[in-house]
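Structural overview for review
Listed below are the residues making up each chain.
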Amino acid sequence: MTDHVENQPPRGGGRLDPLQILFWVSIALGLGAAGVAIMLGSDAGQAGAILLILLAAVGMVLFFWMSRGAGRKHGAFPERGAIAASALISGRSDFAMIEALDEAALITDTHLSPLTANQAYLDIAHAAGVLGESDRPPMMSRLFGADPMLSAPMFRLSKAAQQGQTRREELPATTALSGKHARYEACVGPVPGGHVLWRLRELSAGEVGVGSDDGRQIFLDDAPVGFFAAGADGTIAYMNRALRAVLGLGEDPSLLRVRDIIKEDPAKLLRRDRRGFGPTRARVTLRGLDGHETQVTVLSFWPDDNSDGASRTLVFFADAETPDVSAPARAGGVSAEAEGVFSQAPLGIAVLDGADPASAAMLDSNAALMEMTQGRAMPGAGFADLFEAGEGPTALAHRLRQALHDPIEITLATAPPTAVHVHFARSPDGRGIAYVMNVSQQRELETRLAQSEKMREIGELAAGVAHDFNNLLTVVMQNCSYLLRRHPVGDADYPTLQEISDNAASAKELSEMLRAYARQQTFAREVFDVGDFVGSRQELIRRIMGASIKYEIRHGRDLPYVKVDKTQLERVIINLATNARDAMTPKDSPIPKDGKLTVRTSVINAEAARGLGHNPIEDGQYVMIEVEDTGSGIKPEHAAKIFRPYHSTKEAGKGTGLGLATSYGIIKQSGGYIFFSSKMGVGTTFRIFLPVYDPTAEELEEIAAKERALIAPPPKDVAGRGKILFVEDQTAVRRSIVRNLKECGYEVEEAENGEEALEVLGRNPGAYDIIISDVSMPIMTGPEMLQEADPAMIGAAKVLFLSGYAPESFSHMLEQYPVHYMSKPVTMEQLVGRVKELLAA
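Residues numbered from 1 in each chain as written. Predicted model: local features only at pLDDT ≥ 70, side-chain atom pairs only at ≥ 80, totals over all residues. Heavy atoms only, no water.

1. Points about the nonpolar core
Generally speaking, soluble globular proteins have nonpolar side chains that are buried together. In terms of nonpolar packing, the biggest core is built from 34 residues, with Met545, Leu569, Leu597, Phe686, Ile688 and Leu690 touching the most fellow members. It is helix α19 (residues 566-583) that contributes the most residues to this core, six residues altogether. If sequence neighbours within four positions are ignored, Leu690 has contacts with Val562, Val564, Leu569, Gln621, Tyr622, Val623, Ile625 and Ile667. In terms of nonpolar packing, the next biggest core, distinct from the first, is built from 28 residues, Tyr121, Ala160, Leu171 and Tyr184 among them. (Core = buried A, V, L, I, M, F, W, Y, C linked by side-chain atoms within 4.5 Å. Buried < 20%, exposed > 50% of the residue type's maximum accessible area, 1.4 Å probe, protein only. Helix = DSSP H or I, 4+ residues; strand = E, 2+ residues; numbered from the N terminus. Contact = heavy atoms within 4.5 Å.)

Rendered as structure tokens:
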């Protein structure tokens, strides 16, 4: 049965060895010496006191040493039953006869403490790897500890041993002892002297009983119909040979579940019918390992005793084999059609055994409710157990009883929690019927709508703040430019003025971020090739990333044109590159290390974008810009907030929280989309989708002209000549800009609003070279003034709009009329440079 172990000392239980005797003699001598020191008192002198202290210290050390188990390990304390085992070995010779048995034998006391065993038993224990270092043999239950199927028969044998009874168990086949399937017979019985004899032997193939479980399985394996047994969770415990052959399975189907072999919902085959309707008959599709499908009829039933908690299912491969099992009439006259409606209903339905939903148990539930509750709506389970009880069972019961009168909203105890509406009704026979509808998607949409409204309000607030802030910055920057002209390099005040100018420029960037988030920027859209655009920014991005990060650009072929604002798109790409650099920078390092940034351009349609998991996106063709990094990734808890303003994952002082919010606003205002995908520890990829634009012949000629104009050097001299009408409602802004324009040699006339500007134009029609106007003004705005003015009043004058805030609709005017736009705040050099450019054109 097992290999014999040579030269192994016999283990006959515990024994009192010389180490134990020496230990106890030492303890006795120590106690005696301590007693002498105490009795003599002062006569013992200082040496006696020291001896007493040393003995006490040694005693404490020994006590803790023994209490930690070292004493038992080294033999100072005998194990439980060791003395009885020693007496058994030394004083009785009749138990030595167990060595003559041709089967494994073990002697224990009635408390199941092992005393001795024969060599055959020790050989099995050694082969099973449970012999250990103890002098006593292991219990028989430890031999089969690796096989949970043998726990029940071992328990029955142990119980019989404790009660002094004789019992024989034919154990299920196991591989725990020899590594191959084998059957064993275990016997237990009392012997004289208050001891128990355990015996174990391997059964031959001919000894397996026909009435045993394996014997019955042999008959099932040979049956011409299929058969399988499955637990309530769908795990298949047994499957006969006929069904395994159809499915193409091996000998062991224990790793399979019912859903793996049946195409349809297996819930009806696994739920026990507690209403007394009899076996469940259904037409299903078997799915083999090779994908082949077979139509069969199944008959599922549960045994009356339900001893193993498993359902039995017969599988009939041909209609002629199917027995005519007519189910008894359903309670309350439920027809087969009604049962079909119950099963296929798109909402969850549960039949309860009472009229109180707080205390009733479920008699039945349909597939929708089973899926909604993640398999917890089993017949027999309490209906209240399906729901979260965060406020306590009493509050949950009160809430459920409210469903008797009105529908309620409540949360299912699922992962993640699911919001549902519960309606309750009573059937004519007094049972309860609960209708459960999943409203989690509706709640999610409501939350998104509320968030969208909140974001819109924040955007309006940000736009208003940016407008007023830009006007203030314009005054600061214009006055700073004026003073810098009067205090050039070398002047004592020049560094201070330059610092003011630099900080005003930083404030301007922050204001532009606010406007971009609010989607209130005026976009001067241009037609251009994205590949050329990204390539021209290559050196800029490389400087942002630093020398330690690899940078790669991959251009797609035949990229179509897009029509967006180049400046704003550049800001988006710089934002994404900066975030990627920070994600690849370790927290304990000031510079990024060993990362890679990849920028890709390609053409993609909406269907392919949805295939990447990005939705919603309108149908059409898009140019896609991908910015991929190998950073730490975005945590799931931050993913939903990543585009919110002032949400930053960076350390304090290292980010404004507006970068991605700004990028989102710019891309959405450009008519495009921005999405991302991220994996922790791998990296993040942002994808920008810009709609493809088909340019006209005039636009293509304009593109070529702009490329030729790039060769010409920009003007550096701010001095010029010309007559300008400047329209601005803010006195401080108007005064500072007019002063600087006059300083540069221009003749300037002022107007406070659109109506006053029309009066000025009416007095001097066609007299101005350039009209510079604010957009948002009281009484009459800049665009309204332009529309009201007669063409003769405007004459050949160029129109330049200058504003800290402009409505979205103003962007279209830039395309419909020959007007130009600059965003506040602007420096004197920027404004005069633009004026000279327009006059030269």
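Once you've had a look at it, read on.
2. Topic: the packing of helix α18 (residues 538-545) against α19
The geometry of α18 relative to α19 is characterised by a closest axis approach of 9 Å and an angle of 30 degrees between their N-to-C directions. Here α19 runs roughly parallel to α18, going by the angle between their axes. As α18 packs across α19, the resulting crossing turns out to be right-handed. Where α18 approaches α19, its residues Leu540, Ile541, Ile544 and Met545 are matched on the opposing element by Glu570, Ile573, Ile574, Ala577, Thr578, Ala580 and Arg581. Of the residues in the contact of α18 with α19, the class split is eight nonpolar, one polar and two charged. (Axes fitted to C-alpha atoms, helices over the stretch in contact; angles between N-to-C directions. Parallel < 35°, antiparallel > 145°, perpendicular 65-115°, else oblique. Left-handed = near helix turned anticlockwise from the far one by under 90°. Nonpolar A, V, L, I, M, F, W, Y, C, P; charged D, E, K, R; others polar.)

3. Regarding the pairing of strand β6 (residues 226-231)
Here β6 lies mainly inside the structure; six of its six residues are buried. When β6 meets strand β10 (residues 310-316), the two strands line up antiparallel, connected through six bridges. Following the sheet pairing, Gly226 is matched in β10 by Val315. The sheet contact formed by β6 and strand β7 (residues 236-239) spans three bridges and is antiparallel. In the strand pairing of β7, Phe228 is matched with Met239. Between β6 and β7, which pair antiparallel one after the other, the connecting turn spans four residues, and Gly234 there sits at a positive phi close to 95 degrees. (Pairing = 2+ DSSP bridges.)

4. Re the confidence of the model for the protein
Residues of the protein with pLDDT of at least 70 account for 72%, and the chain-wide mean is 77. Confidence, read as mean pLDDT per element, is least for helix α4 (residues 82-91) in the protein (49) and greatest for strand β20 (residues 621-629) (94). Under a pLDDT of 50 for its full length, residues 208-216 has, in the predicted model, twelve contacts with residues more than four places off or in other chains. (pLDDT = per-residue confidence, 0-100.)

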